[in-house]
Amino acid sequence: MRISVNWLKEFVDPKLTPEAIGDALTMAGFEVEEIEERRSWADGVVVGKVLDRQPHPDADKLSICTVEIGDAEASTIVCGAANVRADIFVPVAKVNTYLPQVDLKIKLRKVRGVASSGMICSLAELGLAKESEGIHIFEAPDLKVGQDVRPLLGLDDTVLDLSSTANRADALSMVGIAREVAAITGAELTLPIQDATKPANAKSHVEIALSEPKACPIYIGTTLEQIKIGPSPAWLKQRLEASGTRSINNVVDITNYVLLEWGQPLHAFDLDRLTRGTDTTVSVRFGKPDETLTTLDGQERQLKNQTLAITANDVPVALAGVMGGEDSEVQEDTQNVFLEAAFFDAAVIRRSARSQGLRTEASARYERGVNPAELELAAKRAIQLMVELADAKLTYQQDERTEVGKITPTRTVGLRLKRVQQILGNYIAEDGTVATLSAADVEDTLVRLGCSLTADGEGAWIVTVPAYRYRDLEREIDLIEEVARLFGYNRFGNTLPQQTSRGRLSPEAALARQLRAAFRGAGLTEVLHYSLTNPAPQRVVLENPLFTEYSALRSDLLSGLIDGFQSNLENGNGPLNAFEIGHVFINEAGQLNEYERIGGILGGNAANGQWGGTTTPMTWYEAKGVLDAVFQQVGLTVDYRADSEDERLHPGRTASLWVRGRTRLGTFGQLHPRLRQERDLPEEVYVFELNWSAIATCLVSDRFRAPKFKSYSTYPGSDRDIAFYAPLDVSVADLEKLIARTGGQLLETVTLFDEYKGQGVPDGQRSLAFRMLYRASDRTLTDQDIDPLQDKIRAALEKKFKVTLRS
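This one's a predicted model, so the numbers in the text were calculated from it and none came from an experiment. (Residues numbered from 1 in each chain as written. Predicted model: local features only at pLDDT ≥ 70, side-chain atom pairs only at ≥ 80, totals over all residues. Heavy atoms only, no water.)

## What about the overall build of the protein?
Working step 1: Tallying secondary structure elements over the protein gives 20 helices and 42 strands in all.
Working step 2: Since a compact globule built from 807 residues should have a radius of gyration of about 28 Å, the 40 Å found for the protein marks it as more spread out than a globular shape.
Working step 3: Seen through its C-alpha atoms, the protein measures out along the principal axes to roughly 130 × 80 × 65 Å.
Working step 4: For the protein, the exposed area adds up to about 41,700 Å²; of that, 47% sits on carbon and sulfur atoms.
Working step 5: In the protein, 90 side chains carry a positive charge and 113 a negative one; their mean positions are 6 Å apart. (Helix = DSSP H or I, 4+ residues; strand = E, 2+ residues; numbered from the N terminus. Rg over C-alpha atoms; globule rule 2.2 N^0.38 Å. Areas by Shrake-Rupley, 256 points an atom, 1.4 Å probe, with all protein chains shown as cover. Lys, Arg positive; Asp, Glu negative; His and termini not counted. Charge placed at Lys NZ, Arg CZ, Asp CG, Glu CD.)

Structure follows, in structure tokens:
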């Protein structure tokens, strides 16, 4: 927000320079982005009187003017403006004056052979307008030739360009910043509070009815008649211009002025255009899809069910809290005005403004939260200004409030002195000594903020928060932050604690690092996707999304990884072998739960057309080998079981992953051919999604155990093969577990090296061949050691799985 220092000093005068005020606000948590010193814009520009104007002999569009500027002799100035004439007062830039807004230094020079000593200025050349059709002509009476033009143009001012945090709704007003400056400096605060003006109680043609009590709990409608529309006085125009607002006419300017002063948006309707000569009911409701409204910017807008509208006899006339309608705007022939001062719910206005893709000064304030306790004060201020500046006659006022609107927002928060001292520590006093905050320091700081304190035992208070800070002072820590902010962050000590402990990673963080390193070592690249995605069945949809395409929370990682894989191929970057660790959100029986998952995708032709590279796609076993390498790296033994729950995966090439036979780790499988064709992906693409909590449960506890050393055997191993026919419904994983369990400690590894289904194999069966490697740590094994184990394995397979041995 742009803060005029001259305007600010009407409310609070801290006896500080604008730079010092900016520094004080910055140290209190407000960022002063720029200090605009407007005095330099017209330094050396004075009031001049044009005594005579003659056409230039060599140029049709130039004039030779004799201008009195307070010097001993009148100056001759060549001017190209069409509106220059004799007997007018104008701003004149004297010789050697520098105009920073147009980067021009005035010099004595000849223009078409005529010497010109100075320049008659337009508002654009003084930085007060983007464009000007001609020079500026002063209309004020009692002007003195040679006087400084800056007080006349509002350039004897400094503007602070201030930004505040989103929780400080009160900081979007001059009154709010004045309160802040008064609290920081201790200066006296004077607010522009007006006495109530009594209406004439004439019969009104407007009745207010509130049909959406949550969206609009307060609506004050005021009828003002016999208004004289015209330009605003210079002081009002200058303050609006300093704040970055264009002057329109006195009535509209007053509503904008009160918006800037109190932070309360107002809207003025042309009463006659609003009512159309009939009794009218003004109401607030949500829009209907078939309704349209042309707003003040000339755009025809299609209303939506999230759009909050002001209606007259159920016909939309304005976007509530955002922008008025063109058909009921105040114009030059307006004689009667209906003034709206309303309180709208912040979330409702945010959704309403976004539904129209529109954000205004009014909606920005409603979105942060307007103070309903000062709504009536802002309305009184606007009425008083309209009476003074537009000769308005107050004839009727209706203050309509729902049960919610009748409640003044207030809050009480408990505060403990010991907690304040514990959080903030010691501070450096003015004499350089180290001191601790006292109860008097805390009380003085909070009272200056507008809080009231009631003792609640020794060193404790019950703090009543003022209505204008209701939205951001909610907890004890908020009050402690306010004490630190106003007392001065820079005054508190910055020494580290004397006793420090050595930092370390938590077991979960250490495991996450190890997993990332294992995936990278296996050739996968870590990627990140947004947690927000497009809406789809089973996904959690946001009530107030930023964009439609990001209006839901993701329920898995695979969708984003598949999109990323496709995007890399379409951009010519080859297949994306990647993994991601992130959060997913699932609605389970009406309860929103958040889980952490590990997802990955790999496949395609990794050579990507390079010289000598393979052109065969990745096989299921190669992809499984990559995942197994990661599991082996972190010390996790995983079993694979056939699975077909996910419709996106191939029903015959998908497995669920289990640890110790009881804990489900996740899913691994190949993308379904139908999905692959829809996305135009390579022949074989594989994905996996793992449950982080299951991995952590299995591995974190082992991180605290000292690793046990196991030496490698120095003796050679001996391998044996076994081949048999097995039923199709018997999984290889079950066969491997039985072989490993039966082989005992001498059996080192079991590997499937052949599978065959077809001619020569009995129906309903397949041929499998396993290779078993035996090894001892203390000797070379002989046939007498191995043959009994082989016989035992054959017998176990025949008994449990009814296999038929081939060898």
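## Thoughts on unusual backbone geometry
Working step 1: Positive phi outside glycine occurs at Lys 15, with the angle close to 60°.
Working step 2: Take Lys 15: it is sitting in the loop between helix H1 (5-8) and helix H2 (18-27).
Working step 3: You can call Lys 15 exposed: its relative accessible area is 70%.
Working step 4: At Asp 142, a position not held by glycine, the phi torsion is positive, near 55°.
Working step 5: Looking at where Asp 142 falls in the secondary structure, it is placed in the loop between strand E11 (119-120) and helix H3 (150-153). (Buried < 20%, exposed > 50% of the residue type's maximum accessible area, 1.4 Å probe, protein only.)

## With respect to the sheet that holds strand E42 (residues 804-805)
Working step 1: Taken together, the four strands give an open sheet; going across it, the order is E40-E41-E39-E42, and neighbouring strands pair in antiparallel fashion. The open sheet is flanked by strand E40 (747-756) and E42, the only strands paired with a single partner.
Working step 2: Its contacts with the sheet put helix H20 (residues 783-801) on strand E39 (718-727), strand E41 (765-774) and E42, and the angle it makes with E39 is roughly 10°. (Pairing = 2+ DSSP bridges. Contact = heavy atoms within 4.5 Å. Axes fitted to C-alpha atoms, helices over the stretch in contact; angles between N-to-C directions.)

## Some thoughts on the pairing of strand E38 (residues 685-691)
Working step 1: Burial runs high along E38: six of the seven residues are buried.
Working step 2: The pairing of strand E34 (residues 591-603) with E38 spans seven bridges and is classified as antiparallel. Each residue of the ladder has a partner; that of Gly 600, found in E38, is Phe 688.
Working step 3: Of the pairings in the sheet, the one linking strand E37 (residues 663-671) to E38 comprises five bridges and is antiparallel in character. Following the sheet pairing, Gly 669 is matched in E38 by Val 687.

## With respect to the sheet that holds strand E2 (residues 31-37)
Working step 1: As summarised here, the arrangement of the three strands in space is E1-E12-E2, forming an open sheet in which the pairing is antiparallel. Two strands in the sheet have a free side with no partner beyond their single neighbour: strand E1 (2-4) and E2. Taking each pair of neighbouring strands and ignoring which way they run, the sheet shows an average axis angle of 25°.
Working step 2: Strand direction decides the pairing type here: E1 and strand E12 (residues 158-163), joined by three bridges, are antiparallel. Looking across to E12, one finds that Arg 2 is bridged to Asp 161.
Working step 3: Contacting E2 and E12, H2 crosses the sheet at an angle of about 10° to E12.

## Here's the deal with the pairing of strand E20 (residues 315-319)
In the case of a regular strand, side chains alternate between the two sheet surfaces.
Working step 1: Burial runs high along E20: four of the five residues are buried.
Working step 2: Relative to E20, strand E19 (residues 308-312) runs antiparallel, the two sharing four bridges. Pairing of Thr 311 across the sheet is with Pro 316, part of E20.
Working step 3: From the end of E19 to the start of E20, which pair antiparallel, there are two residues, and Asn 313 there has a positive phi angle of about 55°.
Working step 4: With antiparallel pairing between neighbouring strands as the criterion, E20 and strand E21 (residues 323-324) make up a hairpin whose turn holds three residues, including Gly 321 at a positive phi of roughly 70°.

## Digging into the packing of aromatic side chains
Working step 1: For the structure on display, the rule yields 15 aromatic pairs.
Working step 2: With a centroid separation of 4.8 Å and an interplanar angle of 80°, the aromatic rings of Tyr 427 and Phe 487 are classed as edge-to-face. Taken together, the residues span a long stretch of sequence, with Tyr 427 in strand E25 (residues 426-428) and Phe 487 in helix H13 (residues 476-487) at a distance of 60 residues. The burial state of Tyr 427 is the same as that of Phe 487; both residues are buried.
Working step 3: A connected cluster of aromatic rings, assembled from ring pairs, spans Trp 620, Tyr 621, Tyr 640, Phe 668 and Tyr 686.
Working step 4: The cationic tip of Arg 411 hangs over the ring face of Tyr 470; the distance from NZ or CZ to the ring centre is 4.1 Å. (Phe/Tyr/Trp six-rings, centres within 6.5 Å; stacked < 30°, edge-to-face > 60°. Lys NZ or Arg CZ within 6 Å of the ring centre and 35° of its normal.)

## What about the side chain of Ser 232?
Working step 1: Tracing the backbone shows Ser 232 in the loop between strand E14 (218-225) and helix H5 (234-242).
Working step 2: Residue class for Ser 232 comes out buried when judged on its relative accessible area of 6%.
Working step 3: Not counting residues within four places of it along the chain, the set of residues in contact with Ser 232 comprises Lys 237, Ser 247, Asn 249, Asn 250 and Asp 253.

## Here's the deal with the pattern of salt bridges
Working step 1: Applying the stated criterion across every chain yields a total of 51 salt bridges.
Working step 2: Here Asp 444 makes a salt bridge to Arg 448, at a shortest N to O gap of 3.2 Å. Of the two residues, Asp 444 and Arg 448 are both situated in helix H12 (residues 439-448); the distance of four residues between them amounts to about one turn of the helix.
Working step 3: The exposure class assigned to Arg 448 is partly exposed, which follows from its relative accessible area of 27%.
Working step 4: Across the pair Lys 737 and Asp 734 runs a salt bridge, and its minimum N-O distance is 3.9 Å. Placement of the pair is Lys 737 and Asp 734 together in helix H19 (residues 732-743), with a separation of three residues, close to one helical turn. (Salt bridge = Lys/Arg side-chain N within 4 Å of Asp/Glu carboxyl O.)

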